[in-house]
Amino acid sequence: MTDSIATIIPVLLSGGSGSRLWPVSRERFPKQLLNLCGDRTMIQETALRVGRDFGFADPIVICNQEHRFAIAEQLLEVGIRPTELVLEPFGRNTAPAAAVAARLAARHDPQALVLLLPADHAILVPDAFRAAVATGAVAAQQGKLVTFGIQPTSPETGYGYIEKGEPVSGADGAFAVKQFAEKPKLDVAQAYLAGGRHLWNSGMFLFRADRFVAELERFAPDALTAADASIAAARVDLDFLRLDPDAFAKAPNISIDFAVMEKTDSAAIVPCDIGWTDVGAWSALWDIAEKDGGGNAVLGDAILVDASNNLVRGEVGLTALVGVKDLVVITTDDAVLVADRARVQDVKAVVDRLKAEGRTERLDHRRTYRPWGYSHLVHAAPGFQVLRLTIRPGHKISLQKHDHRAEHWVVVQGEAQVTLGEERRIVRVNESVFIPAGIPHRLENDGDTDLCLIEVQTGAIISPDDILRIEDHYGRA
């Protein structure tokens with residue numbers, strides 16, 4: 001960014017569940033936390049492309065409270081320190097989140113530019129994206145509410161469209177918005193593509209904080225009032241800002257498009273060709289992935305014989321395909337998805353079925369991330385289950401006890417500081433400790449490498465509900 005452009009504060013919106021990317025994306029560990037398009041996770045890539053190295057301010061992150069520790073850790077891994085990590089008590093679509101972001105940004109500078117970015121989009125040409133932001137910033141400084149339109153490459157029926165109007169005076173490369181269009185039927189999408197004036201709606205926005213607040217006051221005052229009240233009654237929890245749930249509950253469940261952008265006369269659009277996709281389904285990953293001579297995109301250990309135009313992602317074991325084409329084959333350690341590549345939007349129906357049947361495969365993987373590290377379910381059977389625990393350096397589990405189960409810990413890597421009742425002891429590799437039911441206990445890693453151990457739980461009732469936290473470093477009940 002140039003010195004003539006006001007401070008740009010990126011705001012990362014991390015509220016999606018990515019249900020169409022099941023079984024890799026799950027409700028408690030959704031697609032923005034996964035490395036679907038490269039070595040880094042999607043939220044890491046989003047934050048890095050608007051990092052300080054490119055002249056942006058440190059970001060504001062607005063996320064689901066269940067994902068807070070994973071997001072904080074992932075951003076820390078790539079050297080990103082948000083100015084605010086805001087926790088929504090529940091989802092209310094993008095308009096209330098944008099209102100919160102504008103108010104928080106205005107604390108630094110009422111005329112600061114707010115760059116609203118979903119954390120789960122892929123952008124393959126980041127330099128072109130930043131150039132588009134620089135173009136949009138000129139229009140935003142003039143008071144325009146800017147969105148970014150993607151040059152269509154096909155008559156896509158899964159995206160909304162925006163028709164561009166006349167050029168914005170004094171902001172070369174920006175255009176007035178003539179109208180927004182909902183997801184069209186195929187014949188309409190084909191006409192949009194042929195006409196050349198319609199762009200895909202990327203869901204990314206850039207505006208001056210004070211101008212957006214003014215338009216909220218005109219068109220969506222309920223969203224602004226709820227945002228203000230939820231900030232006023234918010235509480236600080238470790239490194240997080242928890243919005244007040246009672247106040248936030250009064251916010252309308254409405255998108256920024258419906259609340260403001262379709263009503264304001266200040267909307268502008270910057271057309272751009274940035275290699276963008278919202279990664280809304282497995283087919284989107286096939287579209288952008290490197291492919292072999294048969295058109296197959298493969299990640300993981302796989303053997304393909306007379307197979308073409310398939311997407312294969314194997315997270316465990318070997319996946320073999322013979323004589324098939326146009327499939328999506330996804331394997332995790334507890335689920336397998338096989339789908340026609342043209343029907344991947346219907347994967348959401350599988351997730352709906354899992355929810356209706358009360359199955360946990362929609363919520364978690366066998367590996368479950370915690371603020372202290374993660375646990376991995378190795379085996380479960382009536383009366384016992386086996387887990388592998390990994391405790392990050394400097395972290396500890398809560399001081400807790402269980403009424404219905406006992407636990408056996410065997411250290412396999414690192415050195416554990418164990419609290420057992422009134423006793424504290426060091427447990428080293430190849431050593432073990434038994435925790436009877438009803439005894440308060442805690443596990444700590446004071447070392448500088450991961451602590452790994454095998455935990456065997458035994459008892460008539462083995463349930464996550466059988467945890468009484470006596471003291472917790474992370475503020476959990």
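A quick note: this is a predicted structure, and the numbers were derived from the prediction, not measured.

**Student:** Just checking my understanding: could you explain the overall build of the chain for this structure?
**Tutor:** A count of helical and extended segments in the chain gives 11 helices and 30 strands. Over its C-alpha atoms the chain spans a radius of gyration of 25 Å, differing by no more than 12% from the 23 Å that the globule rule assigns to 477 residues. Along the first, second and third principal axes, the C-alpha atoms of the chain reach 75 × 60 × 40 Å. Buried positions account for 50% of the 477 residues belonging to the chain.

**Student:** Mind showing me how you'd approach the sheet that holds strand β29 (residues 451–459) here?
**Tutor:** By definition, the strands of a sheet pair up through backbone hydrogen bonds, in either a parallel or an antiparallel sense. With antiparallel pairing, six strands are arranged side by side in an open sheet as β20-β21-β22-β29-β24-β27. The open sheet has two edge strands, β20 (367–370) and β27 (432–435), and neither has a second partner. With direction set aside, neighbouring strand axes in the sheet form an average angle of 20 degrees. With four bridges connecting them, strand β24 (residues 405–413) and β27 associate as antiparallel partners. By the bridge assignment, Trp409 is partnered in β27 with Val433.

**Student:** Quick question: what am I supposed to make of the environment of Gly51 here?
**Tutor:** When you line up the elements, Gly51 lands in the loop between α1 (42–48) and β2 (60–64). Sequence separation of Gly51 and Gly300 is 249 residues, and the distance between their C-alpha atoms is 30 Å.

**Student:** Help me understand the nonpolar core in this model?
**Tutor:** In a soluble, globular protein the nonpolar side chains are often hidden away together inside. Among the nonpolar cores identified, the biggest contains 88 residues, and Leu115, Phe129, Phe148, Leu206, Trp282 and Leu443 are the most heavily contacted of them. With six residues, helix α4 (residues 126–141) is the largest single contributor of residues to this core. Ignoring anything within four residues of it in the chain, the contact list for Phe148 reads Leu115, Ala132, Val133, Trp200, Ser202, Met204, Phe205, Leu206, Ile269, Val270 and Cys272. Counting 45 residues, the second-largest nonpolar core is a separate cluster that includes Ile162, Phe175, Leu199 and Ala267.

**Student:** I'm lost on the packing of helix α3 (residues 94–108) against helix α6 (residues 209–219) in this one. Help?
**Tutor:** Each packed pair of helices is defined by two parameters, the angle between the axes and the distance between the axes. In the contact formed by α3 and α6, the axes pass within 9 Å of each other and the chain directions differ by 135 degrees. Our classification of the angle between α3 and α6 gives oblique. Relative to α6, the crossing made by α3 is left-handed. Contacts between α3 and α6 involve Ala98, Ala99, Ala102, Arg103, Ala105 and Ala106 from the first element and Ala209, Phe212, Val213 and Leu216 from the second.

**Student:** Teacher, can you tell me more about the sheet that holds strand β18 (residues 327–331) here?
**Tutor:** Spatially, four strands are ordered β14-β16-β18-β19 in an open sheet, and the strand pairing comes out mixed. Looking along the sheet, the strands with just one partner apiece sit at the ends: β14 (297–299) and β19 (336–340). Averaged over all pairs of adjacent strands, the angle between their axes in this sheet comes to 5 degrees, without regard to strand direction.

**Student:** Help me out: how do you make sense of the side chain of Arg405 in this one?
**Tutor:** Along the chain, Arg405 turns up in strand β24. Polar side-chain contacts of Arg405 include one of 3.2 Å to the backbone oxygen of Ser463. What Arg405 contacts, discounting residues up to four positions off in sequence, is Ala437, Gln457, Thr458, Gly459, Ile461, Ser463, Asp466 and Ile467.

**Student:** Please clarify how unusual backbone geometry should be interpreted in this entry.
**Tutor:** Only a minority of non-glycine residues have a phi that is not negative, and only a minority of peptide bonds are not trans. Of note, the amide linkage connecting Trp22 to Pro23 takes the cis form, showing an omega dihedral of 10 degrees. Note on placement: Pro23 falls in the loop between β1 (8–14) and α1. At Asn309, a position not held by glycine, the phi torsion is positive, near 60 degrees. Within the secondary structure layout, Asn309 lies in the loop between β15 (302–305) and β16 (311–314). Although it is not a glycine, Asn430 sits at a positive phi angle of roughly 75 degrees. Topologically, Asn430 is positioned in the loop between β26 (423–427) and β27. Judged by relative accessible area, Asn430 falls into the exposed class, the value being 71%.

Reading the values: the criteria
Residues numbered from 1 in each chain as written. Predicted model: local features only at pLDDT ≥ 70, side-chain atom pairs only at ≥ 80, totals over all residues. Heavy atoms only, no water. Helix = DSSP H or I, 4+ residues; strand = E, 2+ residues; numbered from the N terminus. Rg over C-alpha atoms; globule rule 2.2 N^0.38 Å. Buried < 20%, exposed > 50% of the residue type's maximum accessible area, 1.4 Å probe, protein only. Pairing = 2+ DSSP bridges. Axes fitted to C-alpha atoms, helices over the stretch in contact; angles between N-to-C directions. Core = buried A, V, L, I, M, F, W, Y, C linked by side-chain atoms within 4.5 Å. Contact = heavy atoms within 4.5 Å. Parallel < 35°, antiparallel > 145°, perpendicular 65-115°, else oblique. Left-handed = near helix turned anticlockwise from the far one by under 90°. Polar contact = N/O pair within 3.5 Å; in protein donor to acceptor, adjacent residues only side chain to side chain.

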